[in-house]
Amino acid sequence: MTIFKTIHAVVSTAVDEAAKSGALVLNAAAPTFVVEPPREAAHGDLATNVAMVLAKVAGKPPCAVAEILKPLLEQNPDITGVEIAGPGFINLKLQPKIWQQEIQEILKSGIHYGDSTIGNRLKVNVEYVSANPTGPMHAGHVRGAVIGDTLTHLLAKAGYDVTREYYFNDAGTQVDVLARTTYLRYREALGENIGEIPDGFYPGEYLKDVGVTLAQRDGKKWMDKDESEWLVPIRNFAVDYMMRMIRDDLDLIGIKHDVFTNERELIENGTLEKAFKILEDKGLIYVGTLPPPKGKVMEDWEPAPLTLFRSSKFGDSTDRPLKKRDGNWAYIMPDIAYHYNKIQRGFMLMINMLGTDHGGYLERMRPVVAAFSDDKAHLNVVYNNIVKIFKNGEPVKLSKRSGNLITLREMVEQVGAGAVRFFMLTRDPKSPLDFDFAKVVEQTRDNPVFYVQYAHARCCSILRHASEIFPVNEITAEALAKTDVSGITSPDELLLIKFMANWSRVVEAAATAQEPHRIAFYLMELAALFHGLWHKGNDNASLRFIVPDDKNLTRTRITLIKAVQTVIQSGLAVMGCPPLEELRNERPEEAA
RNA sequence: GUGCCCGUAGCUCAGUUGGAUAGAGCAGCUGCCUUCUAAGCAGCAGGUCACAGGUUCGAAUCCUGUCGGGCACGCCA
């Protein structure tokens, strides 16, 4: 139970009492109200808009409603002040004790501090990365991968039952191209001069290894065979190889999917046919002719009767063809089957991470989910904008053709996995992001990765110093959780606690909005508050956390530091960034 | 032409789902600081929240329209 929920219940009870006594006459159910920290610390500890939202149903102006509630709230021993302000806010001041107790709560919960149950164990599937198995992970994949993975941790922390999923297409022409290129590299590995990689093949160097590995396994077995003989086995070999490579790459930044689903399986085990049949049975399939797309000149447009899915019934702008003119499945059919498969597995919420260049996906797929689940399951797409790579302040042009790819491996090797992950979360997903190799490792205030990690390292440092004063068993989280912290009374310290008490609210809001970047911003703010407090001790030694001639005070303040360290760790855990205990070693040597 | 997203300080961006006087960092100006871990701290200045209407106690946030930018829009995979 968070402080906010406790006080919300108190306010709610006050409303009930006022209604029971006749002081407040409600002509309808009371609308929901909030108890939250006010924007201005000067307004008190907590603020509620209850009087304003009640004004209409009570038939009184907000301030009058507030006046009625005020004496009732004042009876609560935890509340030391009630003020009516502005358009009808009720500002509350609480006993410092309430905030001090929060420190103990943090230490007891450890990294689980901030966990929430709003997810109600709802089964949610988050599909992310889902790159097709034709090459290594590169810069273009990383942002969506990190956002998706962080979202899974966030949802889990908020009480959802999360499955991490990866879907790949292994039945289209892309994997055939992969197979043919592999075959070329295989011949190369056996000593043949293959010259330039021709058009229509993948040029990347990384496929050389696949060819070599295949040659090692199979020798000259395929050299004089016809494509019809080698295509399938080599394709399988190459797809497996690529998927292993991708998984190794993802492992570098701590991403592990629970489930891998592939297109070919959905086709071969009949899921696709079954999905179509179900839509047919629901009367959602018909043969018809679509009008030509509007606003775009289509020279070769010829109207023709096609097998259509009545998706317009579910909010789509048009019905969609499921079969091509030649009778083959249209390209969306495997995706439809895939979503049918997810619903079969019981997911009530499905979230797909996609690049912003997949614009119309949600509009096409939502009707599918609605149709299969009778509108019970929901699909959402989190779109992420592009990443622009900078080196030495210069933008790096990326092109697959020229082989100028920045790989995930390269990024991790240069700046570290934690930094890559953190930096990818420093923008709203919808905004473009500049990833500057120099900036990510810069040790300055305006590098958020450094700033937050430094706050953590500083906490560690202080605790190390404390271990010289206290026996180790006295400064464990368990021991400190029992410390008397009534000595924490300065406004700055209380402000820090109040901010930490928000952690659970941030988790809930970020999970609900499916916006993991909010975690990064929260940590940046927490770090700023903490650094600010540290610097006060710079000017005034009595404000330092370690006060050598006052053990009790030191113990009290160490407890606060332990709490800060814990909340930072809790946040970094959601982001998948390992907390650093020391930054010293990473500091570049200054030139003499 | 249609749909989605974006437009907030000179620059890069937040903005707790409709709350009180719109916030950070950088750059600029003014002072400090040489350390419980150093790579800084405090303050000042900076705004028609693209524009115009509307909704209500209250709008950067919701609705309509306009302007500007990005992306997506066939049976292509």
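Just so we're clear, the structure is a prediction, and the values are computed from it rather than from any experiment.

Rules used in this analysis
Residues numbered from 1 in each chain as written. Chains lettered and ligands numbered in written order. Predicted model: local features only at pLDDT ≥ 70, side-chain atom pairs only at ≥ 80, totals over all residues. Heavy atoms only, no water. Near = heavy atom within 4 Å. Polar contact = N/O pair within 3.5 Å; in protein donor to acceptor, adjacent residues only side chain to side chain. Helix = DSSP H or I, 4+ residues; strand = E, 2+ residues; numbered from the N terminus. Nonpolar A, V, L, I, M, F, W, Y, C, P; charged D, E, K, R; others polar. Expected span 1.5 Å × (residues − 1). Bend = angle between axes of the 7 residues up to and from the residue. Buried < 20%, exposed > 50% of the residue type's maximum accessible area, 1.4 Å probe, protein only. Contact = heavy atoms within 4.5 Å. Axes fitted to C-alpha atoms, helices over the stretch in contact; angles between N-to-C directions. Parallel < 35°, antiparallel > 145°, perpendicular 65-115°, else oblique. Left-handed = near helix turned anticlockwise from the far one by under 90°. Core = buried A, V, L, I, M, F, W, Y, C linked by side-chain atoms within 4.5 Å. Domains from an automatic or database assignment. Phe/Tyr/Trp six-rings, centres within 6.5 Å; stacked < 30°, edge-to-face > 60°. Lys NZ or Arg CZ within 6 Å of the ring centre and 35° of its normal. Salt bridge = Lys/Arg side-chain N within 4 Å of Asp/Glu carboxyl O. Pairing = 2+ DSSP bridges. Buried area = accessible area lost by both parts, 1.4 Å probe.

**Q** Describe the protein's contact with RNA strand B, and please don't skip the residues or the numbers.
**A** What surrounds RNA strand B is a group of 63 residues, the closest being Phe 89, Tyr 331, His 465, Trp 534 and Arg 544. Backbone atoms, meaning sugar and phosphate, make up 51% of the atoms of RNA strand B lying within 4 Å of the protein. Thr 356 is positioned such that a nitrogen or oxygen atom in its backbone is 2.5 Å from a sugar or linking oxygen of RNA strand B. The contact in question runs from a sugar or linking oxygen of RNA strand B to an N or O atom on the side chain of His 535, over 3.2 Å. Among the elements of the structure, β4 (89-94), α16 (448-469), α19 (503-513) and α20 (517-539) are those that each provide at least two residues to the surface near RNA strand B. Per element, the largest residue contribution to the surface near RNA strand B is seven residues, and it comes from α16. A class-by-class count of the residues in the surface near RNA strand B yields 22 nonpolar, 17 polar and 24 charged.

**Q** With reference to specific residues and values, describe helix α3 (residues 62-74).
**A** Spanning 13 residues, α3 covers 18 Å between terminal C-alpha atoms, matching the ideal 18 Å at 1.5 Å per step. Where α3 bends most, the angle comes to about 30 degrees, and this point is Ile 68, followed within four residues by the proline Pro 71. Of the positions making up α3, those classed as buried are Val 65, Ala 66, Ile 68, Leu 69 and Leu 73. On its buried side, α3 packs onto α1 (3-20), α2 (50-58), β3 (79-85) and β4.

**Q** Lay out the packing of α1 against α3 in plain terms, naming residues and giving numbers.
**A** At a minimum axis separation of 9 Å, α1 and α3 run at an interaxial angle of 120 degrees. What the angle tells us is that α1 and α3 run oblique. Crossing hand, α1 versus α3: right-handed. Facing α1, whose interface residues are Val 10, Val 11, Ala 14, Val 15, Glu 17 and Ala 18, α3 presents Ile 68, Leu 69, Leu 72 and Leu 73. Taken together, the residues of the contact of α1 with α3 break down into nine nonpolar, no polar and one charged.

**Q** Can you lay out the nonpolar core for me, pointing to particular residues and giving the numbers?
**A** One finds Leu 69, Met 411, Phe 435 and Met 500 to be the most contacted residues of the largest nonpolar core, which totals 145 residues. Per-element tally for this core: the top contributor is helix α8 (residues 227-252), with twelve residues. Two domains each put at least three residues into this core: domain 1 (3-94) and domain 2 (443-590). With residues near it in sequence (within four places) discarded, Met 500 still touches Ile 106, Tyr 113, Tyr 522, Leu 526, Leu 560, Ala 563, Val 564 and Val 567. Core analysis: the second largest hydrophobic core is formed by 27 residues, Ala 275, Phe 347, Val 368 and Phe 372 among them.

**Q** Any chance you could break down the packing of helix α6 (residues 173-189) against helix α7 (residues 207-218) for me, citing the residues and the numbers?
**A** Running from N to C, α6 and α7 point in directions that differ by 65 degrees, and their axes come no closer than 7 Å. In this view, α6 runs roughly perpendicular relative to α7, as classed from their interaxial angle. Relative to α7, α6 is oriented so that their crossing is right-handed. Along the contact surface, α6 presents Leu 178, Thr 181, Thr 182, Arg 185, Tyr 186, Glu 188 and Ala 189, while α7 presents Leu 207, Lys 208, Val 210, Gly 211, Val 212, Leu 214 and Ala 215. The residue inventory of the contact of α6 with α7, partitioned by class, reads eight nonpolar, three polar and three charged.

**Q** Describe the packing of aromatic side chains, and please don't skip the residues or the numbers.
**A** The full count for this structure, using the stated rule, is 15 aromatic pairs. Judged by centre distance (5.6 Å) and plane angle (85 degrees), the rings of Phe 423 and Phe 435 are edge-to-face. Highlighted residues: Phe 423 in helix α14 (residues 417-424) and Phe 435 in strand β15 (residues 433-436), separated in sequence by twelve residues. Overall, Phe 423 belongs to the buried group, its relative accessible area being 6%. Taken together, the aromatic side chains of Tyr 166, Phe 168 and Phe 260 make up a single cluster linked through ring pairs. Just above the ring of Phe 437 sits the side chain of Lys 391; from NZ or CZ to the centre is 5.1 Å.

**Q** Report on the side chain of Thr 554, specifying residues and quantitative values.
**A** Residue placement: Thr 554 occurs in helix α21 (residues 551-575). A residue is classified by how much of its surface remains accessible, and Thr 554, at 1% relative accessible area, is buried. In this structure the side chain of Thr 554 is engaged in a polar contact, spanning 2.8 Å, whose partner is the backbone oxygen of Val 547. Those residues in contact with Thr 554, other than ones at most four positions away along the chain, are Phe 470, Phe 545, Ile 546 and Val 547.

**Q** Any chance you could break down the pattern of salt bridges for me, citing the residues and the numbers?
**A** Opposite charge on two side chains makes pairing possible when the charged atoms of those side chains draw close. Summed over all chains, the structure comprises 26 salt bridges. In this structure, Arg 409 engages Asp 249 in a salt bridge whose closest nitrogen and oxygen atoms are separated by 3.4 Å. Of this pair, Arg 409 sits in helix α13 (residues 408-415) while Asp 249 sits in helix α8; the two residues are 160 residues apart in sequence, bridging distant segments of the chain. Here Asp 251 and Lys 256 are joined by a salt bridge, their closest N and O atoms 2.6 Å apart. Overall, Asp 251 belongs to the partly exposed group, its relative accessible area being 38%. Each of Asp 428, Lys 430, Glu 515 and Arg 518 takes part in a single network of salt bridges with overlapping partners.

**Q** Run through the sheet that holds strand β8 (residues 285-288), naming residues and quoting values.
**A** Here three strands make up an open sheet; going across it, the order is β8-β9-β10 and the pairing antiparallel. Either end of the sheet is taken by a strand with one partner, and the two such strands are β8 and β10 (320-321).

**Q** Before we move on, can you summarise the sheet that holds strand β7 (residues 259-262) with the specific residues and values?
**A** With respect to topology, five strands assemble into an open sheet ordered β7-β6-β5-β11-β12, the strand pairing being parallel. Each edge of the open sheet carries a strand with a single partner, namely β7 and β12 (378-384). Going across the sheet, the axis of each strand differs from the next one's by a mean of 25 degrees, ignoring polarity. The pairing of strand β11 (residues 349-355) with β12 spans seven bridges and is classified as parallel. Looking across to β12, one finds that Gly 355 is bridged to Asn 384. Of the strands in this sheet, β6 (161-168) and β7 touch α8, which is tilted by about 140 degrees from β6.

**Q** Got a sec to walk through helix α18 (residues 491-501)? Specific residues and values, please.
**A** The set of residues buried in α18 consists of Glu 493, Leu 494, Leu 496, Ile 497, Phe 499, Met 500 and Ala 501. For α18, the elements touching its buried residues are α1, α4 (96-109), α19, α20 and α21.

**Q** An account of the domain arrangement of chain A is requested, with residue identities and associated values reported.
**A** On domain assignment, one finds that chain A holds domain 1 (3-94) and domain 2 (443-590). With centres defined by C-alpha atoms, the gap from domain 1 to domain 2 works out at 33 Å. Taken together, the contacts link seven residues of domain 1 with six residues of domain 2. At the boundary of domain 1 with domain 2, total buried surface from both sides reaches about 480 Å², with 53% on carbon and sulfur atoms. Across the pair Arg 505 and Glu 36 runs a salt bridge, and its minimum N-O distance is 3.9 Å. On the surface where domain 1 and domain 2 come into contact, there are two residue pairs in polar contact (both at pLDDT 80 or more). Looking at the side of domain 1 that touches domain 2, the elements with two or more residues in it are α1 and β1 (35-36).

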